[in-house]
Amino acid sequence: SEQKAEASFLLKPGNQTAGTFDANIEERERKVAFIVICVSIFLSGFLYTYLIPLVPSYHLISGAFFSTAEVSLLFASWSFGAAMGTPLTLFLAGHVKCWMMIATALVVFFFNCIMFMAGSSFPILFLSRCIGGVGCTFLLSGSIAMLDSLFPPSERGNRFVIVYFCGGFGLTMGPLIGGSLSSDGAFIPCMLASLTLAGLFGLVMLYLRENDAEFTKMEPLMPHVKDPQTTLSLASLVLVSSTVAFSEVILPLHLNVAFATTASALGGLLMIAAIAYIFVANVAALVSERINRNVLVGAGLACNGVAFLALFSPESLAVEVVPVMMLGCSASVVYTGCFLRLVDSVGQGDARSPALQQLSFAAHNVGAFLGPAVLGASVHMFGLEAAAYTYGTLAIAAGAAIGWYARKTASLDDESGVSASALVDFQLLFTL
């Protein structure tokens, strides 16, 4: 488990700690810190995805009247904030303690909940989601760095796996819980989250203020950017992230209009896709040890384009489950292939590369912002069918091109630099 967690730590935003275990920390402080980190990571995932089943209400209910483009931007604003928070986190490296980052993230999440719960205008709701994305970057940076100082190497692996599970579980349960508590819109989910955040902030101030864990500087970005394999993987991350994020916005609108789907049914449908994502991540990681990693990425992108086109074809909600699951599975294949290629580009010994972590996090968030923003605007101007077929065709063409490139440069990728199964747990962080 230590080897799995150490390798699966790859590409996580803000992994900038020196990794020094502090044996002087009291046992009670360790337990409280671990609980705070796990619950906070769960809430960060929940606050991102609980809005998915509520999207139709912001588009259709009386008093909102947001256009498709505005609803898309509203959802994309979280990733926009996360992308903007990444350079700020790098600037703070070496200047602040980890507990300060965690406390700041909890306060930011609290205001995100209050603003979204009380806001009704587009600028207020957009701003609330933006600061939530910034808080997510701070939380991931501070909490993962603090874990290294809390636990010795013999325990650290299992702790990382549990934290990763909490993040994936929050992302997975967000749509289901948000849809089930949607009778008053976002009020009840935001109220419950804000009360929990207030309690977590109190625990941080009472027990974690003496923790001395902090960040260290990272290596330069350019050597990684100049690597063609890294660039290819990052571009693939942008494409697949844009597909998934756009579908999270436009699919609820489509299903609400076509089948009058309830918020709870929408949440359940997205949770099914997330479960499929997690399962296929394990399979894809094992398959990637036997075939070219880039072939895996290309096939996943092509299937992702096909799934995207099929999302808007079924004539019943029951049939809609198939393309939704296909979207989750294909996205899982692409993410798995990309992350493994990124590890191969630096080797097992450098799997904790903070530069690669920040690059992949930025690529994911850029895609998650551009997908809803650009495609949402396209739907508003040209209609759903035109936008869907345009992007689906682009993804299929990109997948075919990557497959051709993989065959042409097969000698570069015959030897993998890391065991794929060692990164399976990392996929929990990128459930739909």
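Residues numbered from 1 in each chain as written. Predicted model: local features only at pLDDT ≥ 70, side-chain atom pairs only at ≥ 80, totals over all residues. Heavy atoms only, no water.

Novice: Which residues make up helix H15 (residues 384-408), and what are the values?
Specialist: Between its first and last C-alpha atoms H15 spans 36 Å; for 25 residues at 1.5 Å apiece the expected length is 36 Å, and the two agree. Among the residues making up H15, those that are buried are Ala387, Ala388, Tyr391, Gly392, Ala395, Ala398, Gly399, Ile402, Gly403 and Ala406. (Helix = DSSP H or I, 4+ residues; strand = E, 2+ residues; numbered from the N terminus. Expected span 1.5 Å × (residues − 1). Buried < 20%, exposed > 50% of the residue type's maximum accessible area, 1.4 Å probe, protein only.)

Novice: If you had to explain the nonpolar core to someone new, which residues and values would you point to?
Specialist: Judged by nonpolar contacts, the single largest core of 86 residues is most densely connected at Met146 and Leu147. Other than its neighbours up to four places away in sequence, Met146 contacts Ala33, Ile37, Cys98, Trp99, Ile102, Leu208, Asn211 and Ala213. (Core = buried A, V, L, I, M, F, W, Y, C linked by side-chain atoms within 4.5 Å. Contact = heavy atoms within 4.5 Å.)

Novice: Mind laying out the packing of aromatic side chains, listing which residues take part and the relevant values?
Specialist: Between two aromatic rings, the relevant description is the distance of the centres plus the angle of the planes. In the structure shown here, the tally under the stated rule is eleven aromatic pairs. On the basis of an interplanar angle of 55° and a centroid distance of 6.1 Å, the ring pair of Tyr48 and Trp78 is categorised as tilted. In this pair, Tyr48 is assigned in helix H2 (residues 27-49) and Trp78 in helix H4 (residues 68-92), connecting sequence segments 30 residues apart. Note on Tyr50 and Phe116: the rings are 6.4 Å apart at their centroids and 80° apart in plane angle, and the pair reads as edge-to-face. Linking Tyr50 in the loop between H2 and helix H3 (55-60) with Phe116 in helix H5 (residues 98-118), this pair joins segments that are 66 residues apart in sequence. Here the two residues Tyr50 and Phe116 agree in accessibility, since each one is buried. Put simply, the rings of Phe42, Phe46, Tyr50, Phe116 and Phe169 pair up and form one aromatic cluster. For the cation-ring pair, Arg129 lies above Phe75, with the distance from its terminal atom to the ring centre recorded as 5.2 Å. (Phe/Tyr/Trp six-rings, centres within 6.5 Å; stacked < 30°, edge-to-face > 60°. Lys NZ or Arg CZ within 6 Å of the ring centre and 35° of its normal.)

Novice: Give me a nonpolar patch on the surface: which residues, what numbers.
Specialist: A cluster of nonpolar residues, Phe279, Val283, Val287, Ile291 and Val295, forms a patch on the protein surface that exposes about 400 Å² of accessible area. Broken down by element, the nonpolar patch gets its largest block of residues, three residues, from helix H11 (residues 263-287). One can find Ile291 in the loop between H11 and helix H12 (293-310). On the basis of relative accessible area, Ile291 is assigned to the partly exposed category, the value being 37%. (Patch = residues over 30% accessible without salt bridge, like charges linked within 9 Å, V, L, I, M, F, W, Y side chains within 5 Å. Areas by Shrake-Rupley, 256 points an atom, 1.4 Å probe, with all protein chains shown as cover. Salt bridge = Lys/Arg side-chain N within 4 Å of Asp/Glu carboxyl O.)

Novice: Tell me about the packing of H4 against helix H10 (residues 228-259), and name the residues and values.
Specialist: Relative orientation of the contacting elements H4 and H10 amounts to 135°, with a least axis distance of 10 Å. Between H4 and H10, the angle falls in the class oblique. For H4 against H10, the interelement crossing comes out right-handed. Residues Thr68, Val71, Ser72 and Phe75 of H4 lie in contact with H10, whose contacting residues are Ala245, Glu248, Val249, Ile250 and Leu253. (Axes fitted to C-alpha atoms, helices over the stretch in contact; angles between N-to-C directions. Parallel < 35°, antiparallel > 145°, perpendicular 65-115°, else oblique. Left-handed = near helix turned anticlockwise from the far one by under 90°.)

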